[in-house]
Amino acid sequence: MENLNPIENARLQLKSACELGDIDKKVYEILKNPQRVIEISIPVKMDDGSIKVFTGYRSCHSTAIGPSKGGVRFHPNVTMDEVKALSMWMSFKCGVMNLPYGGGKGGIEVDPSELSERELEELSRGYIRGIYKYLGDDIDIPAPDVNTNGKVMGWMLDEYIKLTGHHRPGVFTGKPISLGGSKGRTEATGLGVTYITRNICHKIGLKLSETSVILQGFGNVGSYTFKFLEDMGFKVIALLEWDKEIGEYALYNKNGISYEKLSKFKEQNDTLIDFEGANKINSEEFWSLKADILIPAALENSINEEIAEKLDVKVIVEGANGPVTSSADEILNDRGITIVPDILANSGGVTVSYYEWVQNKYGYYWSQEEVFSRLEPSMNEAFENIWKIKEEKNLTFRQATYVYSLIRISEAMKYRGWF
Ligand code: GLU
C-alpha cells in the first residue's frame, strides 16, 4: 500500500535533500517538524439557526529566513498532517525563489460549496479570531489556496483590522486590488507554470507550437495555465475536471481545446460537463493519453503508482502542490519522465504575493507589466540555477530543486546560530 501521508512524504524529501546536498543532519532534525501548529474550533451560526463547529489549522514551518508565508485552503480533506506538509513545501518554495520568507499554511476542514455566502464569511472571520495573535506582516502572512480567493482575504483582513485596530494590508496577500492587492496576483501562479513549461521545452528541444499538453484541473491555477499556454502557442488537447455530482470527467480534442470557448462555457454554466468543443472521455482514458506534457493542477496525490505506470508523456510540470505520490515519483524517474517540481513550477503565486507585500510596505503600487516583468526573469533565474545543479550533480529535477533551496535555508539557520 502506498504511503499517502503528506507529512511523511515531505520528511522523506527533506531527508534526501540533506543527504544529496551534503547538508548537516541537524538541519533535518530542526526542519522535520513545523515550528508552530495551531488547531482551532470555529463555531458558525448557520442560516437555519443551528450551530456548526469547524476545525481549522495554521502551521508555521520555519521562520529561519523571514516570516512564514502561505495560503489557507477550505476543503473537506484538510488535516493537520496535510497542513504541516504544505507548510514545509512553502519553506522550500520561498527558498527556491529567494524570497525573504519561511513557510506556512492553513486550512479549514469544510466543503465550502455547502455553505451560504454569509456562513462562509462567518467562518473566514472566525478563523482569524482564532489565530490573529499569531499573524502579522512580520510574523505569518496568509494568502489564497484551494477554494479561497481575494474575497475571502478581504473578509479576513477586515476581521484582523477590527481585532487589532491597525490597518496593515501586508498581513494578507492575494487581496482584491482595491484593498491593496497586487495587479497580476490572480494570474501569477498559472503564468509562472507556463514560463517553466516553456523553459523545460526549450531545454529538451520541444517546439512550443508542436507541443501537446494535457491538464488536470480548471481552478485558479489550471485555468490561467491553460490561457497562458495557449497564448504562448502550446496546444492543450485534454482537460480533466471534477464535478460534485458526477466525479471526474475529461474533455479531449486532438486539435486542441479553445480556452476562450471553454472559459465562456464555464462562466455561463458553472461546469464544463456539456462543453461542445471536445469529446467527453473518462479519467482512465485521460491518464493514458499520449502527449508531450502533463500538468496536474488539482490536489496532492493525484498521480499514484497505477497512473504513473500508464502515463504516456515526456514531462510533468507540477502546477498543484504535491500531485505525485512518492512511489509514483520513483516509477516516473525509472521510466525517464522528467518532473518539474511544484516548489519551482507553481512558485509564481507566492512570488507575486511577495511583490504585493513589498507594495503594501511602500504604499506605492506597480502596473501589471511591471509585476510580470519582474516575475519572468526571477523564475528563469531559479530555473537555470537548478538546471545547472541537476546537470552537475546528476540529480532528478526534484532533487536538484530541494538541494538548491535547502542550501539557502540551512545557511540562514547557521548564521542565526541554530546549529
Ligand atoms: N497558496 C499558494 C501556494 O501554495 C500561494 C501562497 C502565497 O501566496 O503565500 O504557493
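Residues numbered from 1 in each chain as written. Predicted model: local features only at pLDDT ≥ 70, side-chain atom pairs only at ≥ 80, totals over all residues. Heavy atoms only, no water.

J.: Can you help me understand the sheet that holds strand S8 (residues 247–252) in this one?
T.: Note: strands within a sheet are paired through backbone hydrogen bonds, in either parallel or antiparallel orientation. Read across the sheet, 7 strands follow the order S9-S8-S7-S6-S10-S11-S12 without closing on themselves; strand pairing throughout is mixed. Edge positions in the sheet fall to strand S9 (279–281) and strand S12 (338–340), since each of these pairs with one other strand and no more. Recorded for the sheet is a direction-independent mean angle of 20° between the axes of neighbouring strands. Both strand S10 (residues 293–296) and strand S11 (residues 315–317) contribute to a ladder of 2 bridges, which runs parallel. When the sheet's bridge partners are listed, isoleucine 293 is paired in S11 with valine 315. Helix H7 (residues 220–232) contacts strand S6 (212–216), strand S7 (235–243) and S10 of the sheet and is inclined by roughly 165° relative to S6. (Pairing = 2+ DSSP bridges. Helix = DSSP H or I, 4+ residues; strand = E, 2+ residues; numbered from the N terminus. Axes fitted to C-alpha atoms, helices over the stretch in contact; angles between N-to-C directions. Contact = heavy atoms within 4.5 Å.)

J.: When you look at helix H5 (residues 150–164) in this model, what are you seeing that I'm missing?
T.: An α-helical segment advances 3.6 residues per turn. Residues three or four places apart therefore align on the same side. A rise of 1.5 Å per residue sets the reference length of H5, with its 15 residues, at 21 Å; its end C-alpha atoms lie 21 Å apart and thus fit the reference within 8%. The complete set of buried residues in H5 reads Gly150, Val152, Met153, Gly154, Trp155, Met156, Leu157, Glu159 and Tyr160. Capping the start of H5, asparagine 149 holds a side-chain oxygen 3.1 Å from the backbone nitrogen of lysine 151, two or three residues further along. One or two positions beyond H5, positive phi appears at glycine 165, with a value near 80°. (Expected span 1.5 Å × (residues − 1). Buried < 20%, exposed > 50% of the residue type's maximum accessible area, 1.4 Å probe, protein only. Polar contact = N/O pair within 3.5 Å; in protein donor to acceptor, adjacent residues only side chain to side chain.)

J.: Help me understand the environment of valine 313, please; the structure alone is not making it clear to me.
T.: Tracing the sequence through the fold places valine 313 in the loop between helix H10 (305–310) and S11. Given the relative accessible area of 8%, valine 313 is considered buried. Separated by 84 residues in the primary sequence, valine 313 and phenylalanine 397 have C-alpha atoms spaced 16 Å apart. Ignoring anything within four residues of it in the chain, the contact list for valine 313 reads Ile214, Leu289, Ala291, Asp292, Ile293, Leu294 and Ile337.

J.: In this structure, what is going on with the site of the ligand? I would like to understand it.
T.: In the region of the ligand, 14 residues are neighbours, and Lys69, Lys93, Pro144, Asp145 and Ser353 sit closest. Residue aspartate 145 places a side-chain N or O atom 2.7 Å away from a nitrogen atom belonging to the ligand. Between arginine 185 and the ligand, the recorded distance is 3.0 Å, taken from a side-chain N or O atom to an oxygen atom. Starting from 290 Å² of accessible surface for the ligand in isolation, the protein chains cover 93%. (Near = heavy atom within 4 Å. Areas by Shrake-Rupley, 256 points an atom, 1.4 Å probe, with all protein chains shown as cover.)

J.: Got a minute to help me understand the pairing of S6 in this structure?
T.: For a regular strand, side chains alternate in direction, first toward one face of the sheet and then toward the other. Of all the 5 residues making up S6, 5 are buried; the element is thus mostly covered by neighbouring parts of the structure. A two-sided burial pattern is seen for S6, the buried positions comprising Ser212, Ile214 and Gln216 on one face and Val213 and Leu215 on the other. Relative to S7, S6 is paired through 5 bridges, and the arrangement is parallel. Bridge pairing links valine 213 to valine 236 in S7. Note on the crossover from S6 through H7 to S7: the handedness is right-handed. Relative to S10, S6 runs parallel, the two being bridged by 4 bridges. Pairing of valine 213 across the sheet is with isoleucine 293, part of S10. (Right-handed = clockwise from strand over helix to strand, strands pointing away.)

J.: Explain the packing of helix H14 (residues 368–393) against helix H15 (residues 397–415) to me, please; I cannot follow it from the model alone.
T.: How two helices pack is summed up by the angle between their axes together with the distance between the axes. One way to put it is that H14 packs onto H15 with a least axis distance of 8 Å and a crossing angle of 110°. Between H14 and H15, the crossing angle belongs to the class labelled roughly perpendicular. At the point where H14 passes H15, the crossing takes the right-handed sense. On H15, the residues that touch Ala382, Phe383, Asn385, Ile386, Trp387, Ile389 and Lys390 of H14 are Phe397, Ala400, Thr401 and Tyr404. (Parallel < 35°, antiparallel > 145°, perpendicular 65-115°, else oblique. Left-handed = near helix turned anticlockwise from the far one by under 90°.)

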